[in-house]
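Examining the three-dimensional arrangement
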Amino acid sequence: GEDVEQSLFLSVREGDSSVINCTYTDSSSTYLYWYKQEPGAGLQLLTYIFSNMDMKQDQRLTVLLNKKDKHLSLRIADTQTGDSAIYFCALETDKLIFGTGTRLQVFP
Amino acid sequence: DAGVIQSPRHEVTEMGQEVTLRCKPISGHNSLFWYRQTMMRGLELLIYFNNNVPIDDSGMPEDRFSAKMPNASFSTLKIQPSEPRDSAVYFCASSLSPGGGDTQYFGPGTRLTVL
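Attention here is on the structure that accompanies the text.

Reading guide: rules and limits
Residues numbered from 1 in each chain as written. Chains lettered and ligands numbered in written order. Predicted model: local features only at pLDDT ≥ 70, side-chain atom pairs only at ≥ 80, totals over all residues. Heavy atoms only, no water. Disulfide = S-S within 2.5 Å. Helix = DSSP H or I, 4+ residues; strand = E, 2+ residues; numbered from the N terminus. Buried < 20%, exposed > 50% of the residue type's maximum accessible area, 1.4 Å probe, protein only. Core = buried A, V, L, I, M, F, W, Y, C linked by side-chain atoms within 4.5 Å. Contact = heavy atoms within 4.5 Å.

1. With respect to the state of the cysteines
This structure, assessed with the given rule, holds two disulfides over all chains. Residue pairing for Cys22 of chain A: its cysteine sulfur links by disulfide to Cys89 of chain A, the two sulfurs lying 2.0 Å apart. Across the S-S bond of Cys22 of chain A and Cys89 of chain A the torsion is about 70°, and the bridge reads as right-handed. Of the two residues, Cys22 of chain A sits in strand 3 (residues 18-24) while Cys89 of chain A sits in strand 9 (residues 85-92), which places them 67 residues apart along the sequence. Paired by a disulfide, Cys23 of chain B and Cys92 of chain B hold their sulfur atoms 1.9 Å apart. Torsion about the S-S bond of the Cys23 of chain B and Cys92 of chain B cystine: about -65°, corresponding to left-handed handedness. Of the two residues, Cys23 of chain B is situated in strand 3 (residues 19-24) and Cys92 of chain B in strand 9 (residues 88-95); the sequence distance between them amounts to 69 residues. Residue classification places Cys23 of chain B among the buried residues on the basis of a relative accessible area of 2%. With a relative accessible area of 0%, Cys92 of chain B lands in the buried category.

Printed below as a string of C-alpha cells:
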C-alpha cells in the first residue's frame, strides 16, 4: 500500500521560515494535501495541490511538488507561535492516506 | 453551519463494555469518514460511507468494531466489547464527495480511554 513519511519534529524561531517535508511511494494521486492539527482539535485543511502542478502559493504558505522524487513540501513564511501544531500531508488515491505527521514548535 | 459534531468528547469505560461514538456530518455532505488516531499508529481510516452506504471498511480492526449510517445526518461507531488497546482519539469527517479534491472537514474527535 501507499507509504507516506514525514519527519516527526521541527523546531523554528518565530519569524523564520519553516519547511515541512513529505515523501511518498505511490505516484497515482490526483490531489495532495496539507492538514493542520492544533492541540485537542481535529484536522483542518490548509491547502492542496493538483498533481500536474509544481508549486502553489497561498499567502504565507508555499507548496512544492517534485513528482520525480515523490516529494512534497510545505513552506511557512514568517512562522508565528500560532503555527505551532502537527502538520499532516495526505495523498488521495481512492481515499486519503495521511502521513505520520510533523510536530512544528515555534519558539520566540 | 456548526461543522461536524461528535459526541461524546471524552469517554472513559472499562474493558468489556460497549462504547458508541456518534457523528453528525455537515448538512449536504455525501461522504462520511471515521478515523482513529494513536501515537503508535498515527491517523488511520477505519471506514467511509458515500450516500449512507459503506464503501470501504478495510480499516476496521476486527469484528468488535461496527459502523452504521442510518441516514444522511447521523453515523455511529460501536465497539463491543471494548479493550484497552482501543484507547485512542476517534475522528469523524465529512465531505461533499469521497475524492476529487473535495475537502474533508473533521470533527473535534472523541477521546476514548478503556481501562
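Alright, that's what it looks like, and here's the rest.
2. Considering the nonpolar core
By size, the foremost hydrophobic cluster in this structure holds 21 residues, and its most contacted members are Trp34, Leu77 and Tyr90 of chain B. Contributing elements (two or more residues each) for this core: strand 3, strand 4 (31-38), strand 5 (42-50), strand 7 (65-71), strand 8 (74-79), strand 9 and strand 11 (110-114) of chain B. Apart from the residues lying within four places of it in its own chain, the contact partners of Leu77 of chain B are Val19, Thr20, Leu21, Trp34, Leu46, Met60, Ser66, Ala67 and Tyr90 of chain B. Judged by nonpolar contacts, the second largest core, of 20 residues, contains Val4, Ile20, Leu32 and Trp34 of chain A.

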